[in-house]
Number of protein chains: 2
Amino acid sequence: MTKHSYAIIGSGALGALYGSMLARQGHDVHFLLHSDYDHVKANGFKIESHWGDFELPEVHAHQSVASMPPCDVTILALKTVNNHLLPQLLPPPTSGGGAVLVLQNGLGVEQEVAEFVGRQRVLGGCCFLCSNKVGPGHIKHLDYGRIVFGPLECNSQTIGLAESICRDMTEAGIETLTSEDLNTVRWRKLMWNIPFNGLSVALNASTDKLVGDEDAVRLVRDIITEVHAAGSACGASIGDEWIEKTIDHTRQMVPYDSSMRLDYLAGRPMELRTILRTPIDTAAAAGVAMPKTSMLYQELCFLERNRD
Amino acid sequence: MTKHSYAIIGSGALGALYGSMLARQGHDVHFLLHSDYDHVKANGFKIESHWGDFELPEVHAHQSVASMPPCDVTILALKTVNNHLLPQLLPPPTSGGGAVLVLQNGLGVEQEVAEFVGRQRVLGGCCFLCSNKVGPGHIKHLDYGRIVFGPLECNSQTIGLAESICRDMTEAGIETLTSEDLNTVRWRKLMWNIPFNGLSVALNASTDKLVGDEDAVRLVRDIITEVHAAGSACGASIGDEWIEKTIDHTRQMVPYDSSMRLDYLAGRPMELRTILRTPIDTAAAAGVAMPKTSMLYQELCFLERNRD
């Protein structure tokens, strides 16, 4: 088995989990750390996961990308609110011609990366996971965890690249699937992210409270239906049954605060641009209005500026 | 000048203000009181108004309609969340054949009253005022105050009735206009009530905060536009300029918490049925969807059931 080198840009609840699992498997993984750098440098990562707990005492921790080597794969797991940093962050780890796997939320994120490294080197994926950072270098992975990813541009070379990364991940214990239809994967994830991230902030409620109230469920369903229709107009092929499935899956989820709600409550900026605005604009360009999603977006913009 | 007898059903920020002004003018005014009965019986009303402060020490206070005489005009100024009480409240004061002037919020409220006294005796009106009850029998009237009202069914007799009540009110110092198009008056008021009452609760903000934020103003404008279109489909004739005028008037208003926000914050039920649901249903019956207004309604239903 060939071991690959990975750069993890954004070592939070998602990047630290997957990166640590790849490192545990013997890959050469370099983590970009911000506030947790000193702690992780000294103590490594502590992962509590429903896939099995483990510690990673020795970590290639970096305070800046300047010290990172060129890597085979750069996993972008940064919040998209920090994407203005991409011009600084991407060049060092990708300077050897490596690929970038974008595991961020929302729409249009692969295209932003492609501007720096070219479309042929970009893959994108969605992570369906409930994971939180509960302390410095300490991740609690509560539920789910599947990654579905694929190349931005499909051809034999990029599909081969996707398959080799998928193999690494699967061997590392990560539930991973590849897809040749990244657009569909993105829109299906938006069917969850838009209603549940958005309404959990607008209605000040955890997702289990939302699926437990008839009016909230009606609203969730209306918004999912809008996202589904917008996705279809934008070329995604998602069966109608996914409207109810998305609600049902959330009913079965552990009670969980969405990442947007956690950001809101902590006073951090929310990923409104990539999760709501870009999908709304993309649908509008395809001739489809998303009135309730637009309203949610406007409410969230107001709330972000007017936190208590 | 003929003096008339008035029954005030609902002696809060609105009923106590207008009733006291009519009583000060020499009309025989009977007030139905609930929690403030003992205080008002002993001390009367204290009115602080931008039209001039005054006290009304002697008040015909009633703890129940059973002790009320039949009156020429019954002013219904009760919150519509209490309209299930109409079968008990209306018969005594209207038993002499008097009229009912419905000064409640929302749509369809005259029709509810007409079921008890017949359409010929019902008038309805909208009050554009900023007024709060600040203590037992103590009203603070901050801004505006105009009443626009008219008969539910227009004919020479009901128009004559409206004009005689208008005369009483004008002489009492209340800015009053009559209209032969109650439907238009109602929908124009809804153009304020739906966005500003609703969003002040959904976004946890006073109206001045809403008109001070670009995203909130965009959302307010979207919802007003929906209400305007719905009103047009339902026969109201409101010029397009009222969309911006409604926002501009609110910009000039004293900073003010809407009645719905005060109800929400105080843990009282909100007037969701008459202010939002009936307009949505009425518009739907006329073939017009109100997606953002419907979303606001669903959010408010959720929030009412899930208060902190």
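- In the annotation of an unreviewed UniProt entry, chain A is listed under the name 2-dehydropantoate 2-reductase and assigned to Roseiconus nitratireducens.
- Taken from UniProt, the Catalytic activity (unreviewed entry) comment for chain A reads in full: "(R)-pantoate + NADP(+) = 2-dehydropantoate + NADPH + H(+)".
- If you open the UniProt record of chain A and go to Pathway (unreviewed entry), you find "Cofactor biosynthesis; (R)-pantothenate biosynthesis; (R)-pantoate from 3-methyl-2-oxobutanoate: step 2/2."

1. Concerning the pattern of salt bridges
All names here are of chain A.
- Going through the model one piece at a time under the given rule, you end up with 32 salt bridges over all chains.
- The shortest N-O distance in the salt bridge between Asp215 and Arg218 comes to 3.2 Å. Highlighted residues: Asp215 and Arg218, both in helix α9 (residues 214–233), separated by three residues, approximately one helical turn.
- Judged by its relative accessible area of 5%, Asp215 is buried.
- Residue classification places Arg218 among the partly exposed positions, given a relative accessible area of 39%.

2. Remarks on the nonpolar core
- Judged by nonpolar contacts, the single largest core of 91 residues is most densely connected at Trp187(A), Leu276(A), Leu296(A), Trp187(B), Leu276(B) and Leu296(B).
- Apart from residues no more than four positions distant in its own chain, Trp187(A) is found in contact with Leu107(A), Val227(A), Ala230(A), Gly231(A), Cys234(A), Ala236(A), Ile238(A), Pro279(A) and Thr282(A).

3. Brief notes about the relation of the copies chain A and chain B
- Expressed as a screw transformation, the operator carrying chain A onto chain B has a rotation angle of 180° and an axial translation of 0.0 Å, and the superposed copies differ by an RMSD of 0.0 Å. What the superposition gives is, in effect, a two-fold axis relating one chain to the other. Minimal C-alpha separation from the rotation axis in chain A is found for Lys292(A), amounting to 2.9 Å.
- Comparing interface residues between copies, 100% of those in chain A also lie at the interface in chain B; the contact surface is shared.

4. Side note on the interface of chain A and chain B
- Counting residues at the interface gives 28 residues for chain A, matched by 28 residues for chain B.
- Where chain A abuts chain B, roughly 2300 Å² becomes buried across the two surfaces, and 58% of that area is made up of carbon and sulfur atoms.
- Three residues, Met295(A), Gln298(A) and Phe302(A), lead the burial of chain A against chain B; their summed loss comes to 29% of the area buried on that side.
- Scanning the region where chain A abuts chain B turns up four salt bridges.
- Close ionic contact of Asp213(A) with Arg305(B) constitutes a salt bridge, the shortest N to O distance being 2.7 Å.
- Here chain A and chain B share five residue pairs in polar contact (both at pLDDT 80 or more) between them.
- Residue assignment for the side of chain A that touches chain B shows that the elements contributing at least two residues are α7 (182–202), α8 (207–211), α9 and α13 (291–305) of chain A.
- The element contributing the most residues to the side of chain A that touches chain B is α13(A), with eleven residues.
- In terms of residue class, the side of chain A that touches chain B is built from 14 nonpolar, four polar and ten charged.

5. With respect to the pairing of strand β1 (residues 5–9) of chain B
All names here are of chain B.
- For β1, a buried count of five out of five residues is recorded, marking the element as mostly surrounded by other parts of the structure.
- One ladder, built from five bridges, connects β1 with strand β2 (residues 28–32); its direction is parallel. From the neighbouring strand, Ala7 faces β2, where its bridge partner is His30.
- What joins β1 to β2 is helix α1 (residues 15–24), and the crossover it makes is right-handed.

6. Concerning the UniProt feature "domain: Ketopantoate reductase C-terminal" (unreviewed entry) in chain A
- Per the UniProt entry, the sites bearing "domain: Ketopantoate reductase C-terminal" (unreviewed entry) are residues 181–300 of chain A in this numbering.
- Strand forms 0% of residues 181–300 of chain A and helix 74%; the C-alpha atoms that close the span are 30 Å apart.

7. Observations regarding helix α9 (residues 214–233) of chain B
- Between its first and last C-alpha, α9(B) extends 29 Å over 20 residues, near the 28 Å set by a 1.5 Å rise per residue.
- Here α9(B) has its buried residues at Asp215(B), Ala216(B), Val217(B), Leu219(B), Val220(B), Ile223(B), Ile224(B), Glu226(B), Val227(B), His228(B), Ala230(B) and Gly231(B).
- Buried residues belonging to α9(B) abut α13 of chain A together with α7 (182–202), α8 (207–211), α10 (241–252), α12 (272–285) and α13 (291–305) of chain B.
- For α9(B), the N-terminal cap is Asp213(B); the gap from its side-chain oxygen to the backbone nitrogen of Asp215(B) is 2.9 Å.
- Within two residues after α9(B), Gly235(B) carries a phi angle of roughly 95°, on the positive side.

8. A closer look at the pairing of β2(B)
Residues and elements named next belong to chain B.
- Of all the five residues making up β2, four are buried; the element is thus mostly covered by neighbouring parts of the structure.
- As judged from the three bridges shared by β2 and strand β5 (residues 60–62), these two strands associate in the parallel manner. Looking at the pairing, Phe31 lines up with Ala61 of β5.

9. Some details on the domain arrangement of chain A
All names here are of chain A.
- You can read the domains of chain A as domain 1 (5–180) and domain 2 (183–305).
- For domain 1 and domain 2, the distance between their C-alpha centroids amounts to 24 Å.
- With 27 residues of domain 1 in contact, the opposing surface of domain 2 contributes 23 residues.
- For the domain 1 and domain 2 pair, buried surface summed over both sides reaches about 2100 Å², with 55% attributable to carbon and sulfur atoms.
- A per-residue breakdown of the area domain 1 buries against domain 2 is headed by Lys79, Asn105 and Leu107, which together make up 32% of the total.
- The tally of links from domain 1 across to domain 2 stands at three salt bridges.
- The closest approach of N and O atoms between Lys79 and Asp263, which form a salt bridge, is 2.9 Å.

10. Here's the deal with the environment of Tyr264(B)
All names here are of chain B.
- Looking at the secondary structure, you find Tyr264 in helix α11 (residues 259–265).
- By relative accessible area, which is 15% here, Tyr264 ends up buried.
- A C-alpha to C-alpha distance of 15 Å links Tyr264 and Leu276, two positions twelve residues apart in sequence.
- When sequence neighbours within four positions are dropped, the list of residues in contact with Tyr264 reads Val201, Met270, Leu303 and Arg307.

11. Notes on the side chain of Asn83(B)
All names here are of chain B.
- Tracing the backbone through its elements, the reader meets Asn83 in the loop between β6 (73–76) and α3 (86–89).
- There is a polar contact of 3.0 Å between the side chain of Asn83 and the side chain of Gln104.
- In contact with Asn83, other than residues within four places in its own chain, are Leu78, Gln104, Val109, Glu112 and Arg273.

Here is what the cut-offs are and how they apply
- Numbers given to residues run from 1 along each chain, matching the order in which its sequence is written.
- Labels are handed out in written order, letters beginning with A for the chains and numbers beginning with 1 for the ligands.
- Confidence filtering applies because this is a predicted model: local features only for residues at pLDDT of at least 70, side-chain atom pairs given and counted only at 80 or more, and all residues used for totals across whole chains, interfaces and linings.
- Only hydrogens and water are set aside when side-chain values are computed; all heavy atoms of the structure are taken into account.
- UniProt positions are given in the numbering used here, feature names are shortened, and annotations may be inferred rather than shown by experiment.
- Salt bridges, as used here, are contacts in which a Lys or Arg side-chain nitrogen is within 4 Å of a carboxyl oxygen on Asp or Glu.
- Numbering of helices and strands runs from the N terminus, with a helix taken as a DSSP run of H or I at least four residues long and a strand as a DSSP run of E at least two residues long.
- A 1.4 Å probe rolled over the protein chains alone gives each residue an accessible area, and that area as a share of the maximum for its type sets the label: buried under 20%, exposed over 50%, partly exposed in between.
- Put simply, a nonpolar core is a bunch of buried Ala, Val, Leu, Ile, Met, Phe, Trp, Tyr and Cys residues held in one set by side-chain atoms that sit within 4.5 Å of each other.
- Two residues qualify as a contact provided that any one of their heavy atoms is within 4.5 Å of a heavy atom in the partner residue.
- When the copies are superposed, the least-squares fit draws on C-alpha atoms of residues that have pLDDT of at least 70 in both.
- Buried area: the sum, over both parts, of the accessible surface (1.4 Å probe) that disappears when the two are put together.
- Any N or O atom pair separated by 3.5 Å or less is treated as a polar contact, with the protein-specific requirement of one donor-capable and one acceptor-capable atom, and with residues adjacent in sequence counted only for side-chain atom pairs.
- Gly is placed with the polar residues, together with every amino acid not listed as nonpolar (Ala, Val, Leu, Ile, Met, Phe, Trp, Tyr, Cys and Pro) or charged (Asp, Glu, Lys and Arg).
- Two strands are said to pair when DSSP picks up at least two bridges between them.
- The definition of a right-handed crossover adopted here requires that, viewed with the strands pointing away, the path from the first strand over the helix to the second runs clockwise.
- One fewer than the residue count of a helix, multiplied by 1.5 Å, yields its expected span.
- In this document the domain limits rely on a domain assignment from an automatic tool or a database.

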